Amino acid sequence: MSVISKGLEGVVATDTRLGDVRGEEGQLIYCGYDINELAGKASFEEVIYLLWHNKLPNHSELAELREQLAGERQLPDQVIEFLRTTPRTALPIDVLRTAISMLGLHDPLRTADQSLEAVRRRAISITAKVGVIIAYFHRTRNGLDLPAVRKDLSEAGHFLYLLDGKEPSKKKTETLDLAYVLHAEHGMNASTFSARVTISTLTDIYSAITAAIGTLKGPLHGGANEGVIHMLQEIGTPDRVDAYIDQALAQKKKIMGIGHRVYKVLDPRAPILKAMAVKLSGELGEPKWIEMSERIAALMKEKKGLHANVDFYSATFYYSLGIPTDLFTCIFAISRTAGWTAHVLEQLADNRLYRPLSEYTGDPVGKNFVPIDQRKA
Ligand SMILES: CC(C)(COP(=O)(O)OP(=O)(O)OC[C@H]1O[C@@H](n2cnc3c(N)ncnc32)[C@H](O)[C@@H]1OP(=O)(O)O)[C@@H](O)C(=O)NCCC(=O)NCCS
């Protein structure tokens, strides 16, 4: 009798040099670096390089990567046309998933040339375009022009430039860059697993990233950050938090941004984001969001022994940065594309098709076929 682990909990599906989530200690590692060692010191581009090459870049390697990314920002005309004509009510994360899939159509060698070098070039191209797709869709749905892509800005700075149509401040750019660094990699999470399963069939990287984005979208994964802001808006004021949580728990509702499959203690990214969120919401003059968040986190710890996860404070963080709520999961996707593509490359370098088993719980075998006109109503 085989042992079933629902949701593959506790199952080690592969080895990886990329990231480690140490749930008991509350530690997150990127290629040997504790996340606290990188946060606030390494740029997102340095982290991308680290994940793709297993080492931090020197000056010339970083300059080369920045140039490669900047040189790949231009979207194909047909993708821009799709962004212009897709319903403005479409969910941005759905638009992103579709646009990444479309990019594959513009790469005729996507399945014919699966050399690591070719896949690495595609990884650069996809990573460079994710933010452009999101910002362009946001602008067209609001009837705004599409500024030409630029080569002189960092990934975070360029996204903010396209989104707002104006030069972002250094501070805002650095703040978003920190969020990108914190979300870039997270072990065998659901979307990364999706990407690895997909590429393990030796399909193309566009398919793998499309699958990952579809997986990230769900409210139990990357969609939770949008759920947090909706919850805070629904609660409205700090004095209503206790009653809201009591009622939600009585109704067995999940509180978004709380709990984690692997972390049994505090998610190490949460305090970094919380500190930034406190600062930002203070500067914005709306400290109530963080006040409500802190009370929710305290109540959930007290009543259920559960801690806040990365999405809990990233929601207030993005909100305070002025990023529209329905783009939160997309911001997560921009950053996680670094991790997904690194996992795709790692999987391809030593591939074995993912093909687990399932335990059959259907009717006993031995049923006889009954022709359709003899079956009971
Ligand atoms: C992340 C998550 C899916 C992990 O779930 P899991 O490992 O499958 O854990 P379970 O859903 O089985 O939860 C275990 C227990 O904790 C409770 N629990 C877990 N997360 C909870 C939450 N956010 N709110 C309320 N209760 C929660 C469950 O109800 C369950 O309680 P029970 O044993 O009394 O039935 C889950 O914590 C969750 O749904 N969180 C909210 C969504 C979220 O923030 N996702 C982003 C993750 S980074």
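Okay, so let's go over this structure.

Rules behind the numbers
- Residues numbered from 1 in each chain as written.
- Predicted model: local features only at pLDDT ≥ 70, side-chain atom pairs only at ≥ 80, totals over all residues.
- Heavy atoms only, no water.
- Helix = DSSP H or I, 4+ residues; strand = E, 2+ residues; numbered from the N terminus.
- Rg over C-alpha atoms; globule rule 2.2 N^0.38 Å.
- Buried < 20%, exposed > 50% of the residue type's maximum accessible area, 1.4 Å probe, protein only.
- Contact = heavy atoms within 4.5 Å.
- Lys, Arg positive; Asp, Glu negative; His and termini not counted.
- Charge placed at Lys NZ, Arg CZ, Asp CG, Glu CD.
- Salt bridge = Lys/Arg side-chain N within 4 Å of Asp/Glu carboxyl O.
- Near = heavy atom within 4 Å.
- Polar contact = N/O pair within 3.5 Å; in protein donor to acceptor, adjacent residues only side chain to side chain.
- Areas by Shrake-Rupley, 256 points an atom, 1.4 Å probe, with all protein chains shown as cover.
- Nonpolar A, V, L, I, M, F, W, Y, C, P; charged D, E, K, R; others polar.
- Core = buried A, V, L, I, M, F, W, Y, C linked by side-chain atoms within 4.5 Å.

When helices and strands are tallied, the protein shows 16 helices and three strands. Relative to the globule expectation of 21 Å for 377 residues, the C-alpha radius of gyration of the protein, 22 Å, shows essentially globular dimensions. Every one of the 377 residues in the protein was classed for burial, and the buried ones make up 52%. Considering only residue pairs separated by 6 or more positions, the protein has 75% of its internal contacts joining residues 24 or more positions apart. Looking at charge distribution, the protein has the averaged site of its 45 positive side-chain charges lying 4 Å from that of its 46 negative ones.

Let us look at the pattern of salt bridges. Two side chains of opposite charge can pair, provided their charged atoms sit close to one another. This model, assessed by the stated rule, comprises 24 salt bridges. Of the charged contacts in the structure, one is a salt bridge between Glu9 and Arg261, with a shortest N-O distance of 3.7 Å. Here Glu9 is found in the segment before strand E1 (19-22), whereas its partner Arg261 is found in the loop between helix H12 (241-250) and helix H13 (269-284), with 252 residues between them in sequence. Judged by relative accessible area, Arg261 falls into the partly exposed class, the value being 46%. Between Asp363 and Lys367 there is a salt bridge whose closest N-O contact spans 2.4 Å. Using a relative accessible area of 62% as the deciding quantity, one classes Lys367 as exposed.

Surrounding the ligand, one finds 19 residues, the nearest of these being Lys254, Ile255, Gly257, Ile258 and Arg261. Within the contact set of the ligand, a nitrogen atom lies 3.1 Å away from a backbone nitrogen or oxygen of Leu220. A distance of 2.9 Å separates an oxygen atom of the ligand from a polar atom in the side chain of Asn309. In the complex, 66% of the free accessible area of the ligand, which totals 840 Å², lies under the protein chains. Considering only residue class, the shell around the ligand consists of nine nonpolar, five polar and five charged.

For the rest of this paragraph, the subject is the nonpolar core. Counting residues in each nonpolar core, the largest one holds 116 residues, and the members touching the most others are Leu176 and Ile296. Residue contacts for Ile296: discarding those within four places in its chain leaves Met231, Leu232, Ile235, Val241, Ile245, Ile255 and Phe312.

Its identity as a non-glycine residue notwithstanding, Leu202 has a phi of 65°, on the positive side. Along the chain, the position of Leu202 falls in the loop between helix H9 (190-199) and helix H10 (205-216). In this structure, Lys252 takes a positive phi of about 60° despite not being glycine. Mapping Lys252 onto the fold places it in the loop between H12 and H13. On the accessibility criterion, Lys252 (75% relative accessible area) is exposed.

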